[in-house]
Amino acid sequence: MESLSEFMEITEGKAKIRVPRSSKVFYNPVQEFNRDLSIAVLSVFSEIHHSEKLKTRKRQRSPNVNDTIEIEPVKLEIGTQTELGLEILEALAATGLRAIRYALEVPGVKQIYANDISKTAVQIMNQNIEENNVKHLVTSTLYDAAHVMRKRQFESETKFDVVDLDPYGCPTNLLDPAVCSLADNGLLLVTCTDMAVLAGNTPESCYAKYGSISLRSPACHEMALRIVLHTITNVCTRYGRYMEPLLSISADFYIRVFVVIRTSPFMCKSMSSKISTVYKCRGCNMTTLLPLGSAKSDSKNMKFTLLSGPPVDKKCEHCGFPHLVGGPIWTGPLYNTEFLSRLSNYMKTEEAEKKFNTVRRMRGMLGMMQEELQDIPLYYTVPSLTNTVHCEAMPLRYFFSALVGAGYRVSSSHCAQNSVKTDAPQSVVWDVIRTWVQTHPVSEKRLQNSVTARSILSKQSMTEIIFDKKYNTVPKSLQGLVRYQQNPAPYWGPGTKGNSKQKVILSATEVECETDIKCSK
Ligand SMILES: C[S@@+](CC[C@H](N)C(=O)[O-])C[C@H]1O[C@@H](n2cnc3c(N)ncnc32)[C@H](O)[C@@H]1O
Ligand SMILES: [Zn+2]
């Protein structure tokens, strides 16, 4: 062990921890947002979990009580052991910071298990647990994470209520034991930092790790989320279980999903209708989805059918280029709307205001998620559309107003600035661009050099498009909130094994959007 002078003290939330200056053990300050959000999610989840447990207990004690049993909300305590509280595994705990913060900040905890495979990490973790006075709530272990989870699955009477996987890079080798060690209605929290793989730089590695081909596209960050949700679904269904996302977030250099794991062999079968293959045009980037199956229910039964494909012609109807095939990806919802609204209500409280350094960013992100069209997977970005035809940039609000005026629904995505989700057909999206080009013409030279632009612009617009310069894409409720984090902090990026020095990119500034178009730093 290093001497005390070789440690630096870090305060985050209610925890004060020591990390060796040599930084053999991982501490990434940029992940504070990730940890804050996890604490907020767990706080809300803990309340729901607790009242479910109380209901189950009441039912067991008096079996004749019906399903509509009412439970008075109980104020759960923080920092003391709650009998029916959460049993949480932090499988890759490093310095123990996250686990200690869970103990000091999440209400209704029964026990937290903080595990790491590194001996040095566990030594430092033990010291941190002691100094934060949470020995009664946090137990450390020095094992391979898979071993801890399998041991729980096979040797314990109860399973974990929460499993948190926060690895360097890819978590998929731990998903099977994680799913098997979770109780029914338990919560799985997963971080993935291998964004290059998930965003389409190495589709073959993505297939090897996640069982899905990633594609480079403007919507690659949402596609990354959907690849991971597909992978978790795929693991779950092997065990007669399925997952339901409470929250899925793309932030900074990583993604993080919070999914509830439930058991139902019947629901497992219907998952094929929520997983789709992706066809992406090589020329104009338009993406078309083909679900693996269809599940429709009448009043009595669920009917499963196979679908015919492909959903696109050999050549793209807009630009004539062929398609790349990617996926499969999850095409069900990214969020549970009821949970989102409970979480954002919690975020508005004074308690949250005092507790989290990153509260403004969390509010902004959650607000955006609540606005997002849940039934529309993937998004366009306006710069990518205008770049495809080489025309002048178009403000996001013009694009929104054109689609709304033509009778379609629109929203942004929290994953990317200038993003547009819409139920408008692809041809209408191009009609907006065609109409824009009428007053913002593309140079003849550029047209000559781009087959894609020529093909798209040679067609007549079939939709009446009106641009409303005054349209505001940011609802009043979200104005003044931090929506997209643009300039990350020094040492921004995921850590790597055995090296805690990260890429240095720009300075730390939050971006606040009063309107949708320009974000001032
Ligand atoms: C990204 S860090 C965890 C950071 C921590 N969750 C936090 O929020 O501060 C990853 C940790 O996983 C540990 N690790 C890597 N492979 C492991 C395995 N198979 N089992 C347990 N721990 C492992 C590493 O030693 C490292 O401390
Ligand atoms: Zn095309």
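Rules and cut-offs
- Residues numbered from 1 in each chain as written.
- Chains lettered and ligands numbered in written order.
- Predicted model: local features only at pLDDT ≥ 70, side-chain atom pairs only at ≥ 80, totals over all residues.
- Heavy atoms only, no water.
- Pairing = 2+ DSSP bridges.
- Helix = DSSP H or I, 4+ residues; strand = E, 2+ residues; numbered from the N terminus.
- Axes fitted to C-alpha atoms, helices over the stretch in contact; angles between N-to-C directions.
- Salt bridge = Lys/Arg side-chain N within 4 Å of Asp/Glu carboxyl O.
- Buried < 20%, exposed > 50% of the residue type's maximum accessible area, 1.4 Å probe, protein only.
- Contact = heavy atoms within 4.5 Å.
- 1 Å grid on protein atoms, 1.4 Å probe; cavity = no way out; pocket = protein on both sides within 12 Å on 5 of 7 lines; lining within 4 Å.
- Points joined across faces, edges and corners; volume = space filled by probe spheres on them.
- Nonpolar A, V, L, I, M, F, W, Y, C, P; charged D, E, K, R; others polar.
- Near = heavy atom within 4 Å.
- Polar contact = N/O pair within 3.5 Å; in protein donor to acceptor, adjacent residues only side chain to side chain.
- Areas by Shrake-Rupley, 256 points an atom, 1.4 Å probe, with all protein chains shown as cover.
- Donors = N, O, S within 2.8 Å, 3.2 Å for Na, K, Ca; no water.
- Tetrahedral: all angles 85-135°; square planar, octahedral: opposite > 155°, others 65-115°.

Concerning the sheet that holds strand β4 (residues 109-116)
For sheets, the rule is that strands pair by backbone hydrogen bonds, running either parallel or antiparallel.
Phase 1 of the analysis: Strand order in the open sheet formed by seven strands is β5-β4-β3-β6-β7-β9-β8, with mixed pairing between adjacent strands. The open sheet is flanked by β5 (138-142) and β8 (241-251), the only strands paired with a single partner. Each neighbouring strand pair of the sheet contributes to a mean axis angle of 15°, computed without reference to strand direction.
Phase 2 of the analysis: Bridge count for strand β3 (residues 86-90) against β4 is five bridges, and the pairing is parallel.

Description of the pattern of salt bridges
Phase 1 of the analysis: Evaluation of the coordinates by the stated rule reveals 30 salt bridges.
Phase 2 of the analysis: Arginine 57 is the partner of glutamate 83 in a salt bridge, and the nearest nitrogen-oxygen pair spans 3.3 Å. Here the residue glutamate 83 occupies a position in the loop between α1 (32-61) and β3, and arginine 57 occupies one in helix α1, the gap between them amounting to 26 residues.
Phase 3 of the analysis: Glutamate 83 gets classed as exposed once you look at its relative accessible area, which sits at 56%.
Phase 4 of the analysis: A salt bridge links arginine 152 to glutamate 87, with the nearest nitrogen and oxygen atoms 2.8 Å apart. You can see arginine 152 sitting in helix α4 (residues 145-155) and its partner glutamate 87 sitting in strand β3, a full 65 residues away along the chain.
Phase 5 of the analysis: By relative accessible area, glutamate 87 is classed as buried at 9%.
Phase 6 of the analysis: The network of salt bridges with common partners includes Glu12, Arg35, Asp36, Arg101 and Glu105.

Brief notes about the sheet that holds strand β11 (residues 287-291)
Phase 1 of the analysis: Sheet architecture is open: three strands sit in the order β11-β10-β14, paired in antiparallel fashion. Whereas interior strands pair on both sides, the edge strands pair on one side only; in this sheet they are β11 and β14 (323-330). Averaged over all neighbouring strand pairs, the angle between strand axes comes to 25°, with direction disregarded.
Phase 2 of the analysis: Two elements, strand β10 (residues 275-281) and β11, share five bridges in a ladder whose sense is antiparallel. Within the sheet, the bridge partner assigned to serine 276 lies in β11 and is proline 291.
Phase 3 of the analysis: Where helix α8 (residues 220-238) meets the sheet, its contacts fall on β10 and β14, and the angle it forms with β14 comes to roughly 55°.

What to know about the layout of surface pockets
Phase 1 of the analysis: When its volume is computed, the second largest pocket comes out at roughly 620 Å³.
Phase 2 of the analysis: For the second largest pocket, the lining is made up of 25 residues, of which Phe45, His49, Glu52, Asp184 and Asn185 are closest to its centre.
Phase 3 of the analysis: Only α1, β7 (182-192), β9 (254-263) and α10 (337-347) provide two or more residues apiece to the lining of the second largest pocket.
Phase 4 of the analysis: It is α1 that provides the largest number of residues to the lining of the second largest pocket, a total of six residues.
Phase 5 of the analysis: Across the lining of the second largest pocket, the residue classes tally to seven nonpolar, six polar and twelve charged.

Observations concerning the site of ligand 1
Phase 1 of the analysis: Near ligand 1 there are 17 residues, and of these Glu90, Arg98, Asp116, Ala145 and Asp166 occur at the shortest range.
Phase 2 of the analysis: Contact distances for ligand 1 include 3.1 Å between a nitrogen atom and a backbone N or O atom of isoleucine 117.
Phase 3 of the analysis: For ligand 1, a nitrogen atom lies 2.8 Å from a polar atom in the backbone of alanine 145.
Phase 4 of the analysis: When isolated, ligand 1 has an accessible area of 610 Å², and the protein chains bury 88% of it.
Phase 5 of the analysis: Counted by class, the shell around ligand 1 contains nine nonpolar, two polar and six charged residues.

Quick notes on the coordination of the zinc ion (ligand 2)
Phase 1 of the analysis: At the metal site, the zinc ion (ligand 2) is ligated by Cys281 (SG), Cys284 (SG), Cys316 (SG) and Cys319 (SG), and these contacts range over 2.2 to 2.4 Å.
Phase 2 of the analysis: Angles of 92 to 117° at the metal separate the four donor atoms of the zinc ion (ligand 2), which places the site in the tetrahedral class.
Phase 3 of the analysis: Counting residues between consecutive donors of the zinc ion (ligand 2) along the chain gives the motif C-x2-C-x31-C-x2-C. With respect to class, cysteine 316 is no different from cysteine 319; both count as buried.

Re helix α15 (residues 426-439)
Residues lying three or four places apart along an α-helix face the same way, a consequence of the helix completing one turn every 3.6 residues.
Phase 1 of the analysis: Counting buried residues in α15 gives eleven out of 14 residues, a clear majority hidden from the surface.
Phase 2 of the analysis: For α15, the full list of buried residues reads Gln426, Val428, Val429, Trp430, Asp431, Val432, Ile433, Arg434, Thr435, Trp436 and Val437.
Phase 3 of the analysis: Structurally, α15 contributes buried residues whose contacts are with β11, β15 (380-381), α13 (382-388), α14 (396-405), β17 (416-422) and α17 (451-457).

In short, the description is geometric, and any link to function would need to be established separately.
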